[in-house]
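So you can see what is in the structure, the chains are spelled out below.
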Amino acid sequence: MQELNQELGFFDAVEARRSVRIFDQESSFDHEKVQKCLEAAILSPNSSNLQLYQFIRVPESSPLKDQLAQLCMRQKAATTARELVVVITRRDVWKSRAKANYDFILNSNQNQSEKKVKQAGSYYKNLIPKLFGKYPGWSLIKKLIAWWVGMRRPMVREVGETEVRISVHKSAALAAMTFMLGMKAVGYDTCPMEGFDSKRVKKLLDLPTGSEICMIIGCGQGLPEGIYGPRFRVPSSELILKK
Ligand SMILES: Cc1cc2nc3c(=O)[nH]c(=O)nc-3n(C[C@H](O)[C@H](O)[C@H](O)COP(=O)(O)O)c2cc1C
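Nothing here was measured: the structure is a model prediction, and the numbers come from that model. All residue numbers refer to position in the chain's written sequence, counted from 1. Predicted model: local features are reported for residues with pLDDT of at least 70 only, side-chain atom pairs are reported and counted for 80 or more only, and whole-chain, interface and lining totals are derived from all residues. Water and hydrogen atoms play no part in the side-chain values, which are based on all heavy atoms of the structure.

Participant: Before we move on, can you summarise the sheet that holds strand S1 (residues 53–59) with the specific residues and values?
Facilitator: Spatially, S1-S2-S4-S3 is the arrangement adopted by the 4 strands of the open sheet, whose pairing is antiparallel. The sheet terminates laterally at S1 and strand S3 (189–193), the two strands that pair on one side only. Averaged over all neighbouring strand pairs, the angle between strand axes comes to 20 degrees, with direction disregarded. Where S1 meets strand S2 (residues 83–89), 7 bridges bridge the pair, whose relative direction is antiparallel. Counted as the bridge partner of Phe 55 is Val 87 from S2. Two strands pair if DSSP finds at least two bridges between them. In this text, helices come from DSSP runs of H or I with a minimum length of four residues, and strands from runs of E with a minimum of two, each type numbered from the N-terminal end. Here, axes are lines fitted to C-alpha atoms. For helices the fit covers the stretch in contact, and angles between N-to-C directions go from 0 to 180 degrees.

Participant: Describe the pairing of strand S4 (residues 212–220), with residues and values.
Facilitator: Exposure classes here rest on a 1.4 Å probe applied to the protein chains alone. A residue is buried below 20% of its type maximum, exposed above 50%, and partly exposed in between. Counting buried positions over the 9 residues of S4 gives 8, a clear majority of the element. Here 7 bridges tie S2 to S4, and the two strands are oriented antiparallel to one another. Pairing of Thr 89 across the sheet is with Glu 212, part of S4. With 5 bridges connecting them, S3 and S4 associate as antiparallel partners.

Participant: Lay out the domain arrangement of the protein chain with the relevant residues and their values.
Facilitator: It is common to give the size of an interface as the accessible area that goes away when the parts come together. Where each domain starts and ends comes from a domain assignment, either automatic or drawn from a database. The domains assigned to the protein chain are domain 1 (10–92 + 164–223) and domain 2 (93–157). Summarising the inter-unit geometry, the C-alpha centres of domain 1 and domain 2 are found 30 Å apart. Contact criterion: two residues are considered in contact whenever any of their non-hydrogen atoms come within 4.5 Å of each other. Across the boundary between the two partners, domain 1 contributes 11 residues, which contact 13 residues of domain 2. Within this document, salt bridges are pairs made up of a side-chain nitrogen of Lys or Arg and a carboxyl oxygen of Asp or Glu, the two lying within 4 Å of each other. Our enumeration of links across domain 1 and domain 2 arrives at 0 salt bridges. Per-class residue counts for the side of domain 1 that touches domain 2 are 5 nonpolar, 3 polar and 3 charged. Each residue gets one of three labels, nonpolar for Ala, Val, Leu, Ile, Met, Phe, Trp, Tyr, Cys and Pro, charged for Asp, Glu, Lys and Arg, and polar for the others, Gly among them.

Here is the structure:
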């Protein structure tokens, strides 16, 4: 059993992490560690560094915790969780995040070349608005442009609205993974969930219209019976290929 003051190294945490569905109700749970692991999670790589996600913490003390657990289809991973972390995407705040990135580069590159600032401008003020802007028919037009350009040279094809949403979810999921490994490293367990009523959760937590829920993560000290079976993975040769 891992002591709570003893942190695991990376590979030990990866090895030890399991999705745990029943959390201990008796032992103390240090909610500060959730904060620490979320601070680590936001260091995860994310597309264009736009950081289009948020983590909504719903600890056991919150009046919303029980209702939220009910909306996670009453899964034990939610009802017994000492804290639920709702990972949401914020595609809608792309403008302010693009500006924040541009301003950061502008202000931190005073001694660096004008070229870098120009490049940042063309990326965050020109390319990103083209990708994230929403106008009638724009998604189709972007796809057609990508197809047309792609006839002649390598071109990113995933430019339509659905692909933009997927891209935002990818970054949110990577941050969620960092969080879960961090939690294991500090001695706690997690269970990622996509079994929830997103419409009702959005209403309950008063989430912004433009947000989407990537996953909800149950957190706590796992009980042995919360691991529903031995770990199973298909042979790595089916998952890791070399060309
Ligand atoms: C995006 C995502 C959604 C998941 N949703 C649920 C869920 O709703 N309920 C649940 O019990 N487990 C859920 N899981 C956990 C998976 O079942 C689990 O990761 C998988 O069986 C592998 O087991 P392990 O995590 O213990 O290695 C989810 C995992 C991911 C990554």
